[in-house]
Amino acid sequence: MKKIIKGGTIATATDLFKADILIEDEKITQIGLNLSAKDAEIIDASGKYVFPGGVDPHTHLDMPFNNTVTDDNWETGTIAAAFGGTTTILDFCLTAGEKNLADAVKKWHEKAADKAVIDYGFHLMVSELDDATLKELPIILEKEGITSIKVFLAYAKEFQATDRTLFQAFKAGKQNNAVIMVHCENGSVIDELVNEAKASGHTDPIYHALTRPPELEGEATKRAIELAHIADAKLYVVHVTCKEAVDEIIKAREKGYKVFGETCPPYLTLDQTELERPNFEGAKYVWSPPLRPKGHQEHLWNALKAKQLQTIGSDQCSFNFNGKKQLGRDDFSKIPNGGPFIEDRFSVLYSEGVHKGRITINEFVESISTNAAKIFGLFPQKGTIAIGSDADIVIFDPTIEREISAKTHHMNVDYSAFEGMKVTGEPVSVLSRGKFVIKDKTFVGQLGSGKYLKRTSSPFTEKKSKAVASTK
Ligand code: URP
Ligand code: ZN
Ligand code: ZN
Ligand code: ZN
């Protein structure tokens, strides 16, 4: 099976050039001008950008959470991802409540295997590290090709790890060359603030934001950074939302600490006032950490531009508004935390970032695809357009103007957090390992065609950041 993508403009993390791409079976085998091959299917990409498929390092599909389960599963979630230009996801495998890690991973494989339409890997999510788990950990990481472990410092009633567990995770990360991903918020203090707010009779969604101030994200980020440093471990701070946290990451990176930072499209484009919407509509915007007051968004853009933040995750974790979000109708602390973002991650970052001139097209590719592939051990199989790489390719029309809406999205959720947002540019066709998943904006993929990705730990190569973001 051969295909030639003709006449497009290829954008990678480093280059922007016109060339054709020859795909043979699952791989890119030639890049050059005027390519031809016998019996090749010709795909016209003139006037379009040709991007490496997006790599989304942060999704929660079919995950039990906050006394319920997320509304997108591996079928609807990966189809929506593909429509949005994402061809690889790394999802968090829940281990809490399982007898051992092997059972937890087996369960996650069962959720994904017959449904995923794009490739995927797992991060291991741990809340406690007893002796048995610490013993099993290296075996599972090796066997499953997992190079990343997630620890929560938030969610006092559900997942929150102690500092001891966090430090044990860093030591295990060091020993096994795994990246330790941390949700940085001080869950115990948040729990206190939530109790205080409820005791004063506050029930509205805005109190979700007011009881999780940015200082508590900054504090937890600093704590994770120092503990990782003592253990000489690699730290990846998930969903960074505010100046307080960004500044800690910048300081650490300036000192040469092995710290990466991720942010997400809503933190770049929306602010805390969304949670004040009347008629409980603020619940649509309840996730953690929360949206921040105006001002923080520009810090995040600056940090992304300055390469102090490396990746864009979706933090896909969807709950229907006229469904599970209603669990918190009378009590903001019972609103399931999370939003639907897997489909719009790529387009929102392109439109708000590249189209509006905040980042270059190469910086876009780097943060939407390449850096996650590098950090999590998938590069150069994923994350770039190069000879020998998987033919995961997005053909993107940068001239299309449209409005994001739940009426047209493909996620299994009844609202969009970006409802009405005007974006420029849209993925029109998407290939996963050489096969169309989306062709001319129509899903043509196959359930279960996505492959589980075994990963290999990548070296930490950065010494110092190249530039410093404004911290004013
Ligand atoms: O509110 C969120 N972000 N839900 C998903 C779980 C997490 O914290 O990443
Ligand atoms: Zn989190
Ligand atoms: Zn602030
Ligand atoms: Zn998350």
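Per chain, residues are indexed from 1 in the order of the written sequence. Whichever chain is written first is A, and whichever ligand is written first is 1; the rest continue in order. Predicted model: local features are reported for residues with pLDDT of at least 70 only, side-chain atom pairs are reported and counted for 80 or more only, and whole-chain, interface and lining totals are derived from all residues. Remark: hydrogens and water are excluded; side-chain values derive from all non-hydrogen atoms of the structure.

Caption draft 1: Spatial organisation of the coordination of the zinc ion (ligand 2). Listed as protein donors to the zinc ion (ligand 2) are His183 (ND1) and His239 (NE2); their distances from the metal cover 2.0 Å. A spacing of 3.9 Å is found between the zinc ion (ligand 2) and the zinc ion (ligand 4). With histidine 183 in strand 14 (residues 179–183) and histidine 239 in the loop between strand 15 (234–237) and helix 8 (243–254), this residue pair connects regions lying 56 residues apart in the sequence. As far as burial versus exposure is concerned, histidine 183 and histidine 239 are alike and both buried. Coordinating N, O and S atoms are those within 2.8 Å of the metal (3.2 Å for Na, K and Ca), and as water is not part of the atoms, a site may appear to have fewer donors than expected. Only DSSP runs of H or I with at least four residues qualify as helices, and only runs of E with at least two residues qualify as strands; both kinds are numbered from the N terminus onward. Only protein chains enter the accessibility calculation, which uses a 1.4 Å probe. A residue is then buried if its area is under 20% of the maximum for its type, exposed if over 50%, and partly exposed in between.

Caption draft 2: Region of interest: the pairing of strand 7 (residues 49–52). The alternating pattern of strand 7 places Tyr49 and Phe51 and Val50 and Pro52 on opposite faces, both of which are buried. By this definition, two strands are paired if DSSP reports at least two bridges between them. Bridge count for strand 2 (residues 9–11) against strand 7 is two bridges, and the pairing is parallel. Looking at the pairing, isoleucine 10 lines up with valine 50 of strand 7. Examined bridge by bridge, strand 7 and strand 18 (residues 393–403) share four bridges and lie antiparallel to one another. Pairing of proline 52 across the sheet is with isoleucine 393, part of strand 18.

Caption draft 3: Focus on the site of ligand 1. Residues are counted as near a molecule or strand when any one of their heavy atoms sits within 4 Å of it. Neighbouring residues of ligand 1: 13 residues in total, closest His60, Tyr155, His183, Ser288 and Asp315. As used in this structure description, the phrase polar contact means that two N or O atoms lie within 3.5 Å; if the pair is within protein, one of them must be able to donate a hydrogen and the other to accept it, and residues adjacent in sequence are counted only when both atoms belong to side chains. In this structure, an oxygen atom belonging to ligand 1 sits 2.6 Å away from a side-chain N or O atom of tyrosine 155. At a separation of 3.1 Å, a nitrogen atom of ligand 1 approaches a polar backbone atom of asparagine 337. Calculation on ligand 1 without its partners gives an accessible area of 270 Å², and the protein chains cover 100% of this total. In this structure the site holding ligand 1 corresponds to the largest cavity. Split by residue class, the shell around ligand 1 holds five nonpolar, seven polar and one charged. With residues, only the protein chains shown are counted as cover, and all accessible areas are computed by Shrake-Rupley using a 1.4 Å probe. Each cavity reported here is a set of points on a 1 Å grid over the protein atoms alone in which a 1.4 Å probe fits but cannot get out, each pocket an open set with protein on both sides within 12 Å along at least five of seven lines, and each lining residue one with an atom within 4 Å of a point. Molecules are considered to sit inside a cavity or pocket once more than half of their atoms lie within 2 Å of its grid points. Amino acids outside the nonpolar list (Ala, Val, Leu, Ile, Met, Phe, Trp, Tyr, Cys, Pro) and the charged list (Asp, Glu, Lys, Arg) are all regarded as polar, and Gly is one of them.

Caption draft 4: Quick look at the packing of aromatic side chains. What counts as a ring pair is set by centres within 6.5 Å for rings of Phe, Tyr and Trp (its six-membered ring), and what kind of pair is set by the plane angle: stacked under 30 degrees, edge-to-face over 60, tilted for all other angles. Summed over all chains, the structure comprises 26 aromatic pairs. Ring geometry for tryptophan 287 and phenylalanine 341: centres 4.9 Å apart, planes at 90°, overall edge-to-face. Placement of the pair is tryptophan 287 in the loop between helix 9 (265–269) and helix 10 (296–305) and phenylalanine 341 in the loop between strand 17 (311–312) and helix 11 (345–355), with a sequence separation of 54 residues. When its relative accessible area of 3% is taken as the criterion, tryptophan 287 is described as buried. Here phenylalanine 341 falls in the buried class, since its relative accessible area comes to 2%.

Caption draft 5: Spatial organisation of empty space enclosed by the protein. Grid points are joined across faces, edges and corners, and a volume is the space filled by probe spheres set on the points. Under the defined criterion, the tally for this structure stands at four cavities of 30 Å³ or more. Taken as a whole, the largest cavity encloses approximately 100 Å³ of empty space. Lining the largest cavity are 15 residues, and of these His60, Phe65, Tyr155, Asp315 and Cys317 sit closest to its centre. Taken together, the residues of the lining of the largest cavity break down into seven nonpolar, seven polar and one charged.

Caption draft 6: Focus on the domain arrangement of the chain. Here the limits of each domain have been adopted from an automatic or database domain assignment. What the domain assignment lists for the chain is domain 1 (2–51 + 387–400 + 420–443) and domain 2 (53–375). Measuring from the centre of the C-alpha atoms in domain 1 to the corresponding centre in domain 2 gives 30 Å. Residue contacts are defined here by distance: any two heavy atoms, one from each residue, within 4.5 Å place the two residues in contact. Each side of the interface is counted separately: domain 1 has 30 residues, and domain 2 has 25 residues. Here domain 1 packs against domain 2, burying approximately 2,100 Å² in sum over the two surfaces, 67% of which is carbon and sulfur. What makes a salt bridge here is a side-chain nitrogen of Lys or Arg within 4 Å of a carboxyl oxygen of Asp or Glu, nothing more. Put simply, domain 1 and domain 2 have one salt bridge between them. Across the salt bridge formed by arginine 433 and aspartate 119, the nearest N and O atoms sit 2.8 Å from each other. Remark: the boundary between domain 1 and domain 2 carries six residue pairs in polar contact (both at pLDDT 80 or more). If you list the elements that add at least two residues to the side of domain 1 that touches domain 2, you get strand 7, strand 18, strand 19 (422–432), strand 20 (435–439) and strand 21 (442–443). The dominant element in the side of domain 1 that touches domain 2, judged by the number of residues it contributes, is strand 19, at nine residues. Here the quantity called buried area is the accessible surface, traced with a 1.4 Å probe, that two parts lose on coming together, added over both.

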